[in-house]
Amino acid sequence: MSIPPKRARPEPVQVVKQRRDATLQSLVQGVPYIQFLGIQFERHGDELTAVLPYADKLIGNPMIPALHGGVTAAFLEVTAIIELSWAMIWEDMEAGTEPVPRRLPKTIDFNVDYLRSGLPRDAYARARVNRSGRRYASVHVEAWQDNRSRLFAQATGHFLMPLRGEDGA
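Chemist: Sorry, what's going on with unusual backbone geometry here?
Modeler: Residues other than glycine predominantly adopt negative phi, and peptide bonds predominantly adopt the trans conformation. The linkage connecting Ile-64 with the following residue, Pro-65, adopts the cis geometry, with an omega of -25°. As for its placement among the helices and strands, Pro-65 is situated in the loop between β3 (59-61) and β4 (66-67).

Chemist: How should helix α3 (residues 69-94) be read in this particular structure?
Modeler: Spacing of three or four residues puts side chains on the same side of an α-helix, whose turn is 3.6 residues. Helix length check: α3, at 26 residues, gives a terminal C-alpha distance of 37 Å against a target of 38 Å (1.5 Å per residue), a fit within 8%. A bend of about 35° at Met-88 is the largest found in α3. Among the 26 residues that make up α3, 20 are buried, leaving the element largely enclosed by the rest of the structure.

Chemist: For this particular structure, what's the right way to read the pairing of strand β6 (residues 123-132)?
Modeler: Sheet faces and side chains relate simply in a regular strand, where the side chains alternate between the two faces. Direction of pairing for strand β2 (residues 47-52) relative to β6: antiparallel, over a ladder of 3 bridges. Residue pairing across strands places Val-51 opposite Tyr-124, the latter belonging to β6. Examined bridge by bridge, β6 and strand β7 (residues 136-144) share 8 bridges and lie antiparallel to one another. Looking across to β7, one finds that Tyr-124 is bridged to Trp-144. Counted between consecutive antiparallel strands, the loop separating β6 from β7 contains 3 residues.

Chemist: Just to check I follow, could you spell out the pattern of salt bridges for this structure?
Modeler: It is possible for side chains bearing opposite charge to pair when their charged atoms get close. All told, the structure shown has 4 salt bridges when counted by the stated rule. In this structure, Arg-43 engages Asp-21 in a salt bridge whose closest nitrogen and oxygen atoms are separated by 2.9 Å. Note that Arg-43 is positioned in strand β1 (residues 40-44) and Asp-21 in helix α1 (residues 13-29), a separation of 22 residues in sequence. Arg-126 serves as the salt-bridge partner of Glu-47, at 3.6 Å between the closest nitrogen and oxygen.

About the criteria used
- Residues numbered from 1 in each chain as written.
- Predicted model: local features only at pLDDT ≥ 70, side-chain atom pairs only at ≥ 80, totals over all residues.
- Heavy atoms only, no water.
- Helix = DSSP H or I, 4+ residues; strand = E, 2+ residues; numbered from the N terminus.
- Expected span 1.5 Å × (residues − 1).
- Bend = angle between axes of the 7 residues up to and from the residue.
- Buried < 20%, exposed > 50% of the residue type's maximum accessible area, 1.4 Å probe, protein only.
- Pairing = 2+ DSSP bridges.
- Salt bridge = Lys/Arg side-chain N within 4 Å of Asp/Glu carboxyl O.

This is the structure in structure tokens:
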């Protein structure tokens, strides 16, 4: 009768959370435009919510006032790209290995539906990856402000995925 090998103890939950948070911070800090717009990401497990804190510089029409359409589109596109990148590095990160640096996905096309004016307040967005293969991905993004069921914009995009092992340089 053989003795089963001892299993390694699981990592403490705080260590896992710190690794995930540090990886997300590293990913987001690598894109200067994210800092310019002030976009932040909240993480709950593998789910990300993008937050666009209100700032006067984001207003396009001061008469309404409404968020600039370009800011809205950029917010949705950044959310999609970070979600795809997060999904790509998740497996490496969860295995406890250093995530392999990769280039960000490249936008093939991105269609935005402006459903109502973005008001002068914080905005939130979540992306859902519809399909992700070796070279191509399709993503749907929804944005809201005060009420998750009352979207002010949504988008669908297609992206060219970087090959595994392509570095971020």
